[in-house]
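# Breakdown of the fold
Okay, here's what each chain looks like letter by letter:
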Amino acid sequence: MATKYGDSRRATLVVRFEAGTLLLDGAAADAAIPSAFVWDRRVARWRAPALAYREAITELHRQQVPFLDRARAYDEFNFELKSSVEPRPYQREAIAAWKRAGRRGVIVLPTGAGKSLVAQLAIADVCRSTLIVVPTIDLMNQWYDILSSSFAAEIGLLGGGYFEVGALTVTTYASAFRHMERLGNRFGFLIFDECHHLPGSAYRHAAEMAIAPFRLGLTATPERSDGAERLLARLIGPTVFRREARHLAGEYLADYRLVRVDVELTAEERAQYERERAILRGFLESEGIAFGSLEGWHHFVAASARSERGRRAMLAYREAKRIALGTEAKLRALVELLRRHRNDRVLIFTAENEMVYRIAERFLIPAITHETPVKERRLWIEAFNRGDVTAIATSKVLNEGVNIPDASVAIVLSGSGSSREHIQRLGRILRPRPGKEAVLYEVVSRDTAEESISRRRQGHRDDDWRADWLPGR
């Protein structure tokens, strides 16, 4: 009897899923088979990555080769959106571009632009068992709430103590990597939220071990400092649609301003900063180390470990950085900015946890870092959203994956040269509200290497920040 996935009357080939790969049974070593398969001598069978499922099935159909599909274990559903929210024009354009690309690809939209609605529209279009992969437990719980309110379907969770597979399932990147070897044939549609995490050395295997023929990546910042974003085209599909915050501000996102506040080191700080930089530059010159690339940073790290002088140079690098990023002048500037925005919801970002705790202690402001317990973090965010507290100090943990729609002011006391971090922090304050104008302040130590860091992130480049700390000043 002929089926949609093969012809069982004449089939000699059987496609199976095994441990995150595809096996082709019934084919000799010299048979004409789909190009993704290679001969596995260990078991005398043809094998391919699970990722090649769509390509392999398409080739078999095109060549009119009879086969049975025993790999697929996902189901078709009628996912009808309960929400009556009308998609914005750019959201419709994004979905249309993704569909033209064969329902595979990456959509780049700024934070606050409604990436979750784009995902819901895609789910309703594909109507297959779907896995949504996110970077954090907090974001997993947010997605669970979104899906529960949007679809009349069984919602599953993988991670955070749960192991439930539903018609729609949410998991973290870590849990997907852990379980995809067994569950990689259970989903016809994969959605990777904040998909710039996917090309990480381990996480990308979650995409490779899944057969899902339909894939969607969502991010505000696909670029990575290691250049691995190029792997997204193979793991998910090409970038099919992109809009930046400046394209949507004023109409769909809040209007915003970027303001740089320069501060001066004290005389004592300046003297110590210059001493440490002189030690660092002397070592670099003696070792012939030229910075401006990640390779140069690696050369410095290796050289610093080989001698006492090298270790002193590394200490000088860290001390100069500490002075520029943590100068008392920044805290004085913070006093003025908090006074100016005493009626606004303010997020204060720093590069180091030490500065977060200094701010929390001096200004009696809640601190959220990676050390903050999940329940405490959630309590502070809820208090912030209610207006019970009007400012939070944090390092990197609020860069993404948190819902704080009423934040309107971001004060960046220190950060990296990564454009991704800059865009993520800006995105925290762009949720629209009538009459809202968001403001992002950068507080920068004048005549230090921090100035080049600021230029780098404003220039939307995403090279490694460490190179900025070493040449010149």
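Residues numbered from 1 in each chain as written. Predicted model: local features only at pLDDT ≥ 70, side-chain atom pairs only at ≥ 80, totals over all residues. Heavy atoms only, no water.

## Remarks on the pairing of strand β21 (residues 437-445)
- Burial runs high along β21: eight of the nine residues are buried.
- Inspection of the sheet shows strand β16 (residues 255-263) paired to β21 by nine bridges, in the parallel sense. What sits directly across from Arg260, in β21, is Glu442.
- Summarising the sheet, strand β20 (residues 409-412) and β21 pair through four bridges and their orientation is parallel. Residue pairing across strands places Val409 opposite Val439, the latter belonging to β21. (Buried < 20%, exposed > 50% of the residue type's maximum accessible area, 1.4 Å probe, protein only. Helix = DSSP H or I, 4+ residues; strand = E, 2+ residues; numbered from the N terminus. Pairing = 2+ DSSP bridges.)

## A word on the packing of helix α12 (residues 328-340) against helix α13 (residues 353-363)
- Orientation of α12 relative to α13, taken along the N-to-C sense of each, is 50°, at an axis distance of 12 Å. If you check the angle between α12 and α13, you find them oblique. Viewed along their axes, α12 and α13 form a crossing whose handedness is right-handed. Residues Glu328, Lys330, Leu331, Leu334, Val335 and Leu338 of α12 touch α13, and the partners they reach there are Met355, Arg358, Ile359, Arg362 and Phe363.
- Considering only residue class, the contact of α12 with α13 consists of seven nonpolar, no polar and four charged. (Axes fitted to C-alpha atoms, helices over the stretch in contact; angles between N-to-C directions. Parallel < 35°, antiparallel > 145°, perpendicular 65-115°, else oblique. Left-handed = near helix turned anticlockwise from the far one by under 90°. Contact = heavy atoms within 4.5 Å. Nonpolar A, V, L, I, M, F, W, Y, C, P; charged D, E, K, R; others polar.)

## Side note on the packing of aromatic side chains
- For the structure shown, the criterion picks out 11 aromatic pairs.
- Taking 5.6 Å as the distance between ring centres and 35° as the angle between the ring planes, the aromatic pair formed by Trp98 and Phe189 counts as tilted. Remark: Phe189 occurs in strand β13 (residues 189-193) and Trp98 occurs in helix α2 (residues 89-100); sequence separation between them is 91 residues. By the burial criterion, Trp98 is buried, and Phe189 matches it.
- Between Phe283 and Phe300, the ring centres sit 6.1 Å apart and the planes meet at 65°, which makes this aromatic pair edge-to-face. Pair noted here: Phe283 is in helix α9 (residues 267-287) and Phe300 is in helix α10 (residues 294-304), with a separation of 17 residues, a long-range link. Each member of the pair, Phe283 as well as Phe300, carries the same accessibility label: buried.
- Of the aromatic side chains, those joined through ring pairs into one cluster are Phe283, Trp297, Phe300 and Tyr317. (Phe/Tyr/Trp six-rings, centres within 6.5 Å; stacked < 30°, edge-to-face > 60°.)

## Some thoughts on α12
- In this model, α12 (13 residues) spans 19 Å end to end at C-alpha, consistent with the 18 Å of a helix rising 1.5 Å per residue.
- Taken residue by residue, α12 has Ala329, Lys330, Leu331, Ala333, Leu334, Leu337 and Leu338 as its buried positions. (Expected span 1.5 Å × (residues − 1).)

## Looking at the confidence of the model for the protein
- Of the residues in the protein, 92% have a pLDDT of 70 or more, and the chain-wide mean is 88.
- Every residue in residues 1-9 is under pLDDT 50, and counting partners more than four places away or in other chains gives 16 contacts.
- Considering only residues more than four positions removed or in separate chains, one finds that residues 460-473, a stretch of pLDDT under 50, has 59 contacts. (pLDDT = per-residue confidence, 0-100.)

## Concerning the nonpolar core
- With 56 residues, the main nonpolar core has Ile107, Ile123, Leu147 and Phe189 as its most contacted residues.
- If sequence neighbours within four positions are ignored, Leu147 has contacts with Ile123, Ile132, Ile155, Leu168 and Val170.
- One finds Leu183, Cys195, Ala207 and Ala228 within the second-largest nonpolar core, a separate group that totals 25 residues. (Core = buried A, V, L, I, M, F, W, Y, C linked by side-chain atoms within 4.5 Å.)

## Comments concerning the pairing of strand β14 (residues 214-219)
- By the criterion of burial, β14 is predominantly enclosed, with six of the six residues buried.
- Burial along β14 is two-sided: Phe214, Leu216 and Leu218 facing one way and Arg215, Gly217 and Thr219 facing the other are all buried.
- Both strand β8 (residues 104-108) and β14 contribute to a ladder of five bridges, which runs parallel. Residue Ile107 lies in a different strand from β14, and its bridge partner there is Leu218.

## Details of the pattern of salt bridges
- Throughout the structure, instances matching the rule amount to 36 salt bridges.
- For Glu18, the salt bridge is made with Arg47, and the minimal N-O distance between the two is 3.4 Å. Taken together, the residues Glu18 in strand β3 (residues 13-18) and Arg47 in strand β6 (residues 45-49) connect sequence positions 29 residues apart.
- Look at Glu18 and you get partly exposed, because its relative accessible area is 34%.
- In this structure, Asp138 and Arg377 form a salt bridge, with 3.7 Å as the shortest nitrogen-oxygen distance. One end of the pair, Asp138, is in helix α4 (residues 137-150); the other, Arg377, is in helix α14 (residues 374-386), and 239 residues separate them in sequence. As far as the burial class goes, Asp138 and Arg377 line up, both buried.
- Counted as one network, the salt bridges with shared partners bring together Arg260, Asp262, Glu264, Arg446 and Glu451. (Salt bridge = Lys/Arg side-chain N within 4 Å of Asp/Glu carboxyl O.)

## Regarding the sheet that holds β6
- Sheet architecture is open: five strands sit in the order β5-β6-β4-β3-β7, paired in mixed fashion. Of all strands in the sheet, those bounded by a partner on one side alone are β5 (38-40) and β7 (67-69). The average angle at which neighbouring strand axes cross in this sheet is 35°, direction not considered.
- Relative to strand β4 (residues 21-25), β3 runs antiparallel, the two sharing five bridges. Across the sheet, residue Arg16 finds its bridge partner in β4, namely Leu23.

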